[in-house]
Structures are given as structure tokens and as C-alpha cells.
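If you want the building blocks of each chain, they are given just below.
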Amino acid sequence: MRNLRNLATAVAAALALSPVSVLAQDAAPVKIGVVAFLSGPAASPFGVPARNAAELVIELMNAGKAPAPYDTKGFGGSKIETVIIDESGGTTTQVTEFRNLVQRHNVDLVIGYVSSGSCVGIAPVAEELKKLTNFFDCGTPRIFEDASYKYVFRTSPTSTMDNVAAAMYLKDIKPKMKSFAGINQNYAWGQDSWGDFEASMKHFFPKIEVKTSQMPKLFAGQYNTEISTLLGAKADVIHSSFYDGDLEALLLQASPRGLFKKSTGVLTAGETIMHKLAKQVPDGTILGARGPFGPYAPDNVYNKWFVKEFEARYQVPPTYPSYQMAQAIMGVKLAWEKAQAANGGKRPSNEQVAAALENSTFEGPGGVVKMAIGKGHQAIMETAYGLSKVVGGKVTVTKVKRYPAEKVNPPEGVKAADWIAGGFKQ
Amino acid sequence: MSPDTHRDRTLPILGAVLLAVIVFGPLLPKWALFLLTIALAKGLVSLGLMLQLRAGLVSFGQALYYCIGGYTAGSLGRFFDISDMLLQMICGAFAAAFVALILGFLLARYRGIFYGLLSMALSMILYGLLAKSESLGSTDGINILPSTVFGIRPAQEWVRYVVIVTGCSVAVLATALVHRYLKTPLGRLAPAIKDNEIRVEYMGASVRRAIHVKYVIAAALSGIGGALAATAVGHIDPDMAYWTTSGEFIFIAILAGTRSVVAPFLGAVIFGIIHTTAFDLSPNTWQMTLGISLLLVIVFLPEGLWSLFGRRKAA
């Protein structure tokens, strides 16, 4: 008997530990699950800036302090509440926590996910649970190429655009270049980035020579061997999709050896560290921001508002993950309000919001976002590249060229890889 | 200490658990069903770890077989269009056992830290291979087909229930077999191996063979666990073989203790609850919460949570 009593104690303790399930919402607030890396190596470059942007934008929206047409309070007058979840712990954890968000916290929608692995894993679950889910950052084009979804959206462009546009920019500013090399992390992001870049380069420069492709392991931190190989390769251009910590380490180690002075660097995610490393980025390095974000953001009212508020609160300028998070919330807000208006002012269902978001177009701090591909679920945007130039100890960009959304993204129904291989037919 | 001095209630407990899942499953919220399914999968792997722990061996690479189970299930769907979760679990077990049979010849010769690190190295090799294979989605992984049972795809409302009942039946059967094995002479050797290997050899038993058998059984259990997790989650990626995944299993095994074959499952459920609560209450410091709870268990219950139920025997 005592065994049974012990068992009962343990079960009671376990139940006491488990979170109290929240009562179903009664019309009042709109509950959003926000998921981004809050721990691990992807937290400081992506997760935390994104979470900061989410907190800021939602607070301003709740106060009705966003510029029109985002100036109604909350979502269509309903206050926004958030449940913030860490994206660490692997896909199994993320799928578990996604289900918890939906079925225990009863969130109305989910905005999140930095890692493409999380997005690939979550998409079918979101569909199973019929829960509106907007991926704000992950890059892989596979999500809407391999399947079609009703409830899943991505209001940020795919990583294809970054590398295609990088090749176009080189064609514009270095039409006579003869060779290139690459250093990318050996995981899906690095492999895809290099694959897209290499194929695009071969299209724009049919006679180009590929000197070497270095694929060190993710978060390796030490790149002296790779730097030696790259120095020996003497390529005109070196492509890298490194970001944050790895990029910082690469630049710090490459700087004394003059690597990026001898070969022009094309840093497709270079914007993540441009505010930190003024001394290590030689003038003339090509910097990307994964879209028209940060230094490439248009001079519109939303950008002015966002930068001013972000700097006032966090004392640093917003980087692209912050922009992506802001526009993810803004796009959903507009769709929510459109659906609410169509629903006679009553709270819209997930299906109604999804229908309103599908194929929609809206403008945010990064400019115009068109939900044009992936059956209206995947955004395309224009993008821009420029050359770094240190002015007064700060990295700025010059010779900025902008590429229209339709030119750097595949048309509806065409897979990114096929589009590149087929010579960018629209 | 010997389990035979009083009545052994393991089999009735296992039966009761299965019955409880079948009866109370439909009443539980869906998120709890999913949490329990994952706990079941992790419990199976931890049961494998427990077998090794009883012989004094700590594997830092049990995720190798968890991953093999998962990728076997995924490959069946991707290349042969097989989504039957029973078949996936059986194939996962066999694939893992087969690999363990071969690697066992190497591993059974090592003890202590060498055993641990070698097993970890092997699982990291698999991680590295998968991270480089772009046809299997590299580090992003791939989705696997929605689960079916005997060719039937359950309705959306019932799929979580069907998955847990099927998973639980397999797990209970496997656990009962392990319980049975622990009563065979070969199974009983484990604590003796832990205490004094030379004496075991003197008695005429082969320590290497005993460890090899344990290693293969542990792998088969982990393979089932991996396949179950894969079909429940619907996605597999190389992280399944990463050393932190192995660490999670060790965490559960230590939390649970090695006294009963049921302990790892209790450990996995408690781990799942602590994990999700920590995620909920402290999204920025959930790792710390996990760490503190493990420390508390190690300090106050050095033989794991199961010692809560067995203390009376020692007294």
C-alpha cells in the first residue's frame, strides 16, 4: 500500500509541476506565440534581436503608436498578448512546444522560427493543428516547394534571392572578374547558399573559374587553414554566407593576413556584424542584409519609425532579423484586420486571416512585401547590395544597387534550383 | 535488494500502464498525449542506457541508435512509401540491432571513459555523415509521412491517440521482454560485472559476450524509440545523433535510477514535464531549471526517482 501512496505522491507532484492550462480566450486579447532562439549560438545574432523587435512592435501596436495603416490598437482593437518560447533544443522539442502553444496556451497564431530545420519540421504540424503560422526568418526555399499549405506563411524572402542577387551585383560592378572561391559553413544553410551562388555565377560568367570551396564545420571558430587555402587560391572574389560569431572570427583571423584586401569578400549575411567590426571590414567588401533591411532599408515612414523606436529602446540600430520580425507582425496584423472587417467586425477565424494574408501585399520598414509565390504564402521582396566604406569609424555602404523582387526570385510554381539552372526565366 | 525476495509487480504495472493509456488516452488533452508519446520514445532509449548502467557502463552515444531508428523510419517512407508505424518501429529496431552487433565487437572490449567516449565518437560520425548528405536534407532534415497503422490512416482527431496506443503496446512488450531477460543468468550478470569482472570470468561467464548482448538489446530499444519519435514528430534531422541528444537520455536514466525497467519511463515523463514547464516559465533560463532539478535528484535521491518506491526494502 505504501508503494501506491508513494506513487500517488509522485503523480501529484508531477501534476503540480505541470503548467496550469489557460482558459479558452473570451474574445478579448489576441494571443501570439513568438518563437526564436533565446539561447545558444543563434541567439545573439538572430533570436534576441528578433524577440526585441517583437516586444517593441507589439507594445507600440497595443498603444496604437504605429504609423498608419498599422495604427489601430492591437489587432483590430484587441490587445495583443505574447507567449515567448526558446527555439533551442532540436526539432522534437520544437514540435512538442508548438503543440503546447496551440493546444495548451490556445494561442491564436504563431510567429517565429529562425532555423530552417525548425520550419521544415513545424510546417506540417501547423497544418495538422490548423493554426496560422508565419515563419519570419528561416531561409530554405524547400518549405513551399515540397508541399503546399493553407495555414503556413513566410513573410520574408528565401535565401535564394541573397545569392542570386550577389552574383548579379558582381556582374554589374566586376564584369571582368575571372575566378571566385567560397567559405561556407558545412550545414544546410551554407551548402544551399554556396550551391545557389555557384550556379548563378556560372550563368552570368560562363567562363569563370571556381578556385576552391571551403566548408568548415558550423561554429568552428578557427579558420586559419581555410584562410591559407583561400590566400593560395588567389580568387578575385570570395563568397561567404557566414554570420555573426563565425563571421566575426573569420574577419578577425583574415584581417592580419590581408585576405579580403587581396580578394573581394561577398558576405551575404555581412550586415549582422557590420556595426561591430569597422576595423576588420576592408573598404570595398560586398555586404548583404538578406533583403532590403538595415542599411538598405528604404527611406519610408515605417523604417523611420522603426529605427527611431528601436534605437531609443535598445541603443543599437536594428539588424535584419529585427526587420523581418517587425514585418512578420505587421503583415499578419493587416490580414487580421482585413478579415475582421470582412467578418462584419467580429473576431476572424484562422481560415479567414489565412485567406486575407494569401497573395496580399503590404509595406513595412523593409519596403513592399508581396506574398507572390508558394501559392500566395511565400513573400518576395526587392533586395540590394553595396560596398562597405568606413566613414568616421562606422561601416556604411556605397554604390548600392537595388534589384526588383521579380528579378531575384523565381516565378510562381518554379523551384529555386530549377529556376537558376534554367537561366532565370520569368 | 534482489527483486525475488518479494513479489515482483513489474508485469502487472506494465499491463496497468497500457490499460490506463487505452482508457484514459481519449480524456487527456492532445498536447499531453504528444508529450507522453515523446516520453515513451525517450524512455525506451533510456531503458537501453539503464541496461548498460547496470553493468557499470555509461554510453555517451546512445543517440546513434535513436537516430538510426528515426532515419530507418524516415527512409521507409521516403523511398518505399511505407508509413506503417509498426513496421517502422520493427525495422528501426532491426537496423539499430544490426549496426550494434557489428560495432559491439569493438565496444565490448572497452570500459569506463573509453566506452563512453568511443560510443559518443561513433554517434558523432553518423551526425557528420548525415549533415553532409544533401539528399536527406542535410541539417534541415526531412519530413516523414503521416503515421498509419495496418494500412489505416487515423482521422485527424484520433491520430495522437492511435500513435500513443500503438507506441505504448510496443514499448510495454519490449519492456516485458527486457524484464524477462534481466532474470536470465546472462541478464543477472550485470551487477556482477560492475562489481568485479575478474570474478565473473572465474565463474566461467564471458564478460565480453554479456556486454555485447546488452549493447545489442539497448540498440534495438533505442531503434524502436527513434522510429516512434520520428513518426510522432513527423520530421527527422541529424540532431537526433548529436551528443546533446545522448546527454538528454543520460539525464533521464540518472533521474530514473536503475532499479526497475519501469523507472526509465517514469523518468522520461518527469523529464518531459520539467522540460516543458521550464520552457514555459523561464524561456531564457530553462536549461538552468533542468540542471538544478538534476542536481537535486543526484544530491537527495542518488539512486534516482525510483528509490522513492523502494526505500522500504533497504530499511
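Remember, predicted model here, so these are calculated numbers, not experimental data.

Basis of the calculations
- Residues numbered from 1 in each chain as written.
- Chains lettered and ligands numbered in written order.
- Predicted model: local features only at pLDDT ≥ 70, side-chain atom pairs only at ≥ 80, totals over all residues.
- Helix = DSSP H or I, 4+ residues; strand = E, 2+ residues; numbered from the N terminus.
- Buried ≥ 20, exposed ≤ 12 C-beta atoms within 10 Å, placed from the backbone.
- Contact = placed C-beta atoms within 7 Å.
- Rg over C-alpha atoms; globule rule 2.2 N^0.38 Å.
- Nonpolar A, V, L, I, M, F, W, Y, C, P; charged D, E, K, R; others polar.
- Domains from an automatic or database assignment.
- Pairing = 2+ DSSP bridges.
- Axes fitted to C-alpha atoms, helices over the stretch in contact; angles between N-to-C directions.
- Left-handed = near helix turned anticlockwise from the far one by under 90°.
- Core = buried A, V, L, I, M, F, W, Y, C linked by C-beta atoms within 7 Å.
- Expected span 1.5 Å × (residues − 1).
- pLDDT = per-residue confidence, 0-100.
- Parallel < 35°, antiparallel > 145°, perpendicular 65-115°, else oblique.

Undergrad: An account of the overall build of chain A is requested, with residue identities and associated values reported.
TA: The secondary structure content of chain A amounts to 15 helices and 15 strands. In terms of principal-axis extent, the alpha carbons of chain A reach across some 75 × 60 × 45 Å. Taking all 426 residues of chain A together, 55% fall into the buried category. Counted over contacts in chain A with a minimum sequence separation of 6, partners at least 24 positions apart contribute 68%.

Undergrad: If you had to explain the overall build of chain B to someone new, which residues and values would you point to?
TA: The number of helices and strands found in chain B is 13 helices and 2 strands. Taken over the C-alpha trace, chain B has a radius of gyration of 19 Å; the compact-globule value for 315 residues is 20 Å, and the two agree within 12%. Its C-alpha atoms give chain B principal-axis dimensions of about 55 × 40 × 40 Å. Put simply, chain B has 315 residues, and 52% of those count as buried. Of the contacts formed within chain B by residues at least 6 apart in sequence, a portion of 81% connects residues at least 24 apart.

Undergrad: I'd like to hear about the interface of chain A and chain B, residue by residue, with values.
TA: Taken together, the 37 residues of chain A in the interface contact 36 residues of chain B. Elements supplying a minimum of two residues to the side of chain A that touches chain B: helix 1 (2–17), strand 2 (80–86), helix 3 (90–103), helix 4 (116–129) and helix 7 (188–204) of chain A. A per-element tally of the side of chain A that touches chain B places helix 3 of chain A first, with 9 residues. Residue composition of the side of chain A that touches chain B, by class: 14 nonpolar, 17 polar and 6 charged.

Undergrad: Can you explain the domain arrangement of chain A? Please cite residues and give values.
TA: Residue and element names in this part refer to chain A. Each assigned domain of chain A is listed with its residue range as follows: domain 1 (19–157 + 298–380) and domain 2 (160–289 + 382–421). Centre-to-centre separation of domain 1 and domain 2, based on C-alpha positions: 29 Å. On the side of domain 2, 20 residues touch domain 1, which itself brings 18 residues to the contact. Here the side of domain 1 that touches domain 2 takes 4 residues from strand 12 (residues 367–373), the largest share from any one element. Looking at side-chain class alone, the side of domain 1 that touches domain 2 contains 10 nonpolar, 6 polar and 2 charged residues.

Undergrad: Break down the environment of B:Phe79 for me, citing the residues and quoting the values.
TA: Secondary-structure assignment places B:Phe79 in helix 3 (residues 63–80). When the C-alpha atoms of B:Phe79 and B:Val149 are compared, they prove to be 18 Å apart, with 70 residues separating the residues in sequence.

Undergrad: An account of the sheet that holds strand 8 (residues 237–240) of chain A is needed here, citing residue identities and associated values.
TA: Taken in spatial order, the 7 strands line up as 7-6-8-9-10-14-15 (chain A) in an open sheet, and their pairing is mixed. The open sheet terminates on both sides in strands that have one partner only, identified here as strand 7 (209–214) and strand 15 (394–403) of chain A.

Undergrad: Talk me through unusual backbone geometry; I want residue IDs and the actual numbers.
TA: The phi angle of most residues is negative, glycine excepted, and most peptide bonds adopt the trans form. Residue and element names in this part refer to chain A. Residue Ala 68 is joined to Pro 69 through a cis peptide bond whose omega torsion reads 5°. If you trace the backbone, Pro 69 turns up in the loop between helix 2 (43–62) and strand 2. The phi dihedral of Arg 290 falls on the positive side, at around 55°, and the residue is not glycine.

Undergrad: How would you explain the packing of helix 12 (residues 320–342) of chain A against helix 13 (residues 350–357) of chain A if you had to name every residue and give the values?
TA: For any two helices packed against each other, one specifies the crossing angle of their axes together with the interaxial distance. All names here are of chain A. Two numbers describe how helix 12 lies on helix 13: the axes approach to 8 Å, and their chain directions differ by 115°. Crossing geometry of helix 12 relative to helix 13 is assigned as right-handed. Contact with helix 12, carried on its side by Gly 331, Val 332, Ala 335, Trp 336, Lys 338, Ala 339 and Ala 342, involves Gln 352, Val 353, Ala 355, Ala 356 and Leu 357 of helix 13 and no other residues of that element. Grouping the constituent residues of the contact of helix 12 with helix 13 by class yields 9 nonpolar, 2 polar and 1 charged.

Undergrad: Give me the nonpolar core: which residues, what numbers.
TA: The tendency in soluble globular proteins is for nonpolar side chains to be buried as a group. Membership of the largest hydrophobic core comes to 234 residues, with the highest contact counts inside it found for A:Ile329 and B:Ile224. Here this core spans two domains, and each of domain 1 (19–157 + 298–380) and domain 2 (160–289 + 382–421) of chain A adds at least three residues to it. The contact partners of A:Ile329, leaving out residues within four places of it in the chain, are A:Ala54, A:Val57, A:Ile58 and A:Ile111.

Undergrad: Would you mind going over helix 6 (residues 159–183) of chain B in detail, with residue names and values included?
TA: All names here are of chain B. Given a rise of 1.5 Å per residue, 25 residues ought to cover 36 Å, and the 36 Å separating the end C-alpha atoms of helix 6 matches this to within 8%. Looking only at helix 6, the buried set comprises Arg 160, Val 163, Ile 164, Thr 166, Gly 167, Cys 168, Val 170, Ala 171, Val 172, Ala 174, Thr 175 and Val 178. In this fold, the buried residues of helix 6 make contact with helix 1 (10–24), helix 2 (30–54), helix 4 (85–107) and helix 9 (207–233).

Undergrad: How would you explain the pairing of strand 9 (residues 264–267) of chain A if you had to name every residue and give the values?
TA: All names here are of chain A. Along strand 9, one buried face is formed by Thr 264 and Val 266 and the opposite face, lined by Gly 265 and Leu 267, is buried too. Here strand 8 runs beside strand 9; their pairing, made up of 4 bridges, is parallel. Considered in strand 9, the bridge of Val 237 is made with Thr 264. Sheet topology note: the strand 9/strand 10 (residues 286–287) ladder contains 2 bridges and is parallel. From the neighbouring strand, Leu 267 faces strand 10, where its bridge partner is Leu 287.

Undergrad: Account for the confidence of the model for chain B, with residues named and values stated.
TA: All names here are of chain B. Mean pLDDT over chain B: 90, with 96% of residues reaching 70 or higher. Ranking the elements of chain B by mean pLDDT puts helix 13 (residues 307–314) last with 62 and helix 4 first with 96. Here residues 1–5 is modelled with pLDDT under 50, and outside its nearest four sequence neighbours on either side it reaches 2 contacts, counting other chains as well. If you check the scores for this complex, the pTM reads 0.87 and the ipTM reads 0.86.

Undergrad: Residue-level account of helix 9 of chain B, with values.
TA: Residue and element names in this part refer to chain B. With 27 residues, helix 9 ought to run about 39 Å at 1.5 Å a step, and its terminal C-alpha atoms sit 38 Å apart, in line with that. With respect to burial, helix 9 is a largely interior element, 23 of its 27 residues being buried. In the segment just after helix 9, Gly 234 is the residue with positive phi, at about 85°.

Undergrad: Give me the lowdown on the packing of helix 3 of chain B against helix 9 of chain B, citing residues and values where you can.
TA: Residue and element names in this part refer to chain B. Interhelical geometry of helix 3 versus helix 9 gives an angle of 50° and a closest axis separation of 6 Å. The orientation of helix 3 with respect to helix 9, classified from their angle, is oblique. The two elements helix 3 and helix 9 meet at a crossing, and its hand is right-handed. Of helix 9, the residues touching helix 3 (which contributes Tyr 65, Tyr 66, Cys 67, Ile 68, Gly 69, Gly 70, Thr 72, Ala 73 and Gly 74) are Ala 219, Ser 222, Gly 223, Ile 224, Gly 225, Gly 226, Ala 227, Ala 229, Ala 230 and Thr 231. In terms of residue class, the contact of helix 3 with helix 9 is built from 10 nonpolar, 9 polar and no charged.

Undergrad: Quick one: what's the story with the environment of A:Gln94, residue by residue and with numbers?
TA: Residue and element names in this part refer to chain A. Position of Gln 94 among the secondary structure elements: in helix 3. The exposure class of Gln 94 is buried, given the 26 C-beta atoms found within 10 Å. Residue contacts for Gln 94: discarding those within four places in its chain leaves Glu 87, Gly 89, Ser 118, Gly 121 and Ile 122.

Undergrad: Now, about the pairing of strand 14 (residues 383–391) of chain A: what can you tell me, with residues and values included?
TA: The side chains of a regular strand alternate, first on one face of the sheet and then on the other. Residues and elements named next belong to chain A. In the sheet, strand 10 pairs with strand 14 via 2 bridges, with the strands oriented antiparallel. Each residue of the ladder has a partner; that of Ile 286, found in strand 14, is Leu 387. Bridging between strand 14 and strand 15 involves 8 bridges; their strand directions are antiparallel. Residue Val 390 lies in a different strand from strand 15, and its bridge partner there is Val 395.

Undergrad: Would you mind going over the confidence of the model for chain A in detail, with residue names and values included?
TA: Residues and elements named next belong to chain A. On average, residues of chain A score 90 in pLDDT, and 94% of them are at 70 or above. By mean pLDDT, helix 1 is the weakest element of chain A at 50, and strand 4 (residues 133–135) is the strongest at 97. Note on residues 14–26: pLDDT under 50 across the span, and 16 contacts to partners over four residues away in sequence or across chains.

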